[in-house]
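Topology and contacts: notes
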Amino acid sequence: ITDAERSDTRLLVVMESNFGAGLATLSNIEAASSREQSLVQEREAALRELRSEVADLWYQRDAANLRFDSAVQTRLSAERVSASYRRQYPIGQKSWLDLMNAVREATSAGLAVEDARADVFRSSWRLATLTGNAASLFADIHSDPRDPQP
């Protein structure tokens, strides 16, 4: 080729290929899909467990509230009996042993009220922490309008 026949227009064609890891890419995609399905199933199992635990705590709290209401009524009744025996002892209607038994029953009923109150608080606290409402418990921590104090 002479200088006169040579032109300044050139064409350059480059072909490159990269086949990568071949079928390994497909198996990596399948493994990632399997991991995703596994994580989804783990999440669903955790949600089922959480729902079950919340339902159990809900029923425990309701039962504790019923025990608390019953204990308050028992305490009030035992205090009335104790007060009656205190009035009857000086006039000889009740013995010292009767009076002491009535006082013991009233004291025991008062302890049962506090045990029931602790059960209500414990189940309410656990339920609130599981559901993310723990801050609302601090407002009512020391007061319960259902419990008439003697």
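Residues numbered from 1 in each chain as written. Predicted model: local features only at pLDDT ≥ 70, side-chain atom pairs only at ≥ 80, totals over all residues. Heavy atoms only, no water.

**Some words on helix α1 (residues 24-88)**
Since the α-helix packs 3.6 residues into each turn, any two residues three or four apart lie on the same face. Taking 1.5 Å as the rise per residue, α1 with 65 residues should run 96 Å; its terminal C-alpha atoms sit 94 Å apart, in good agreement. Looking at the buried positions of α1, the neighbouring elements they touch are α2 (96-131). (Helix = DSSP H or I, 4+ residues; strand = E, 2+ residues; numbered from the N terminus. Expected span 1.5 Å × (residues − 1). Contact = heavy atoms within 4.5 Å.)

**Brief notes about the packing of aromatic side chains**
Under the criterion given, the structure shown has two aromatic pairs. A ring pair is formed by F121 and W125, whose centres lie 6.2 Å apart and whose planes are at 20 degrees; its orientation type is stacked. Placement of the pair is F121 and W125 together in helix α2, with a separation of four residues, close to one helical turn. Under the relative-accessibility criterion, F121 is labelled partly exposed at 36%. A cation over a ring is seen here: R61 above W58, with NZ or CZ 4.3 Å from the ring centre. (Phe/Tyr/Trp six-rings, centres within 6.5 Å; stacked < 30°, edge-to-face > 60°. Buried < 20%, exposed > 50% of the residue type's maximum accessible area, 1.4 Å probe, protein only. Lys NZ or Arg CZ within 6 Å of the ring centre and 35° of its normal.)

**Focus: a nonpolar patch on the surface**
Together, Y89, W96 and M100 line one region of the surface with nonpolar side chains, adding up to about 300 Å² of accessible area. Topologically, Y89 is positioned in the loop between α1 and α2. (Patch = residues over 30% accessible without salt bridge, like charges linked within 9 Å, V, L, I, M, F, W, Y side chains within 5 Å. Areas by Shrake-Rupley, 256 points an atom, 1.4 Å probe, with all protein chains shown as cover. Salt bridge = Lys/Arg side-chain N within 4 Å of Asp/Glu carboxyl O.)

**Some thoughts on the packing of α1 against α2**
Between α1 and α2, the least distance of the axes is 7 Å, while the angle of their chain directions is 160 degrees. Compared by their axis directions, α1 and α2 come out roughly antiparallel. Crossing of α1 against α2: the hand is left-handed. Of the residues in the contact of α1 with α2, the class split is 22 nonpolar, eight polar and eleven charged. (Axes fitted to C-alpha atoms, helices over the stretch in contact; angles between N-to-C directions. Parallel < 35°, antiparallel > 145°, perpendicular 65-115°, else oblique. Left-handed = near helix turned anticlockwise from the far one by under 90°. Nonpolar A, V, L, I, M, F, W, Y, C, P; charged D, E, K, R; others polar.)

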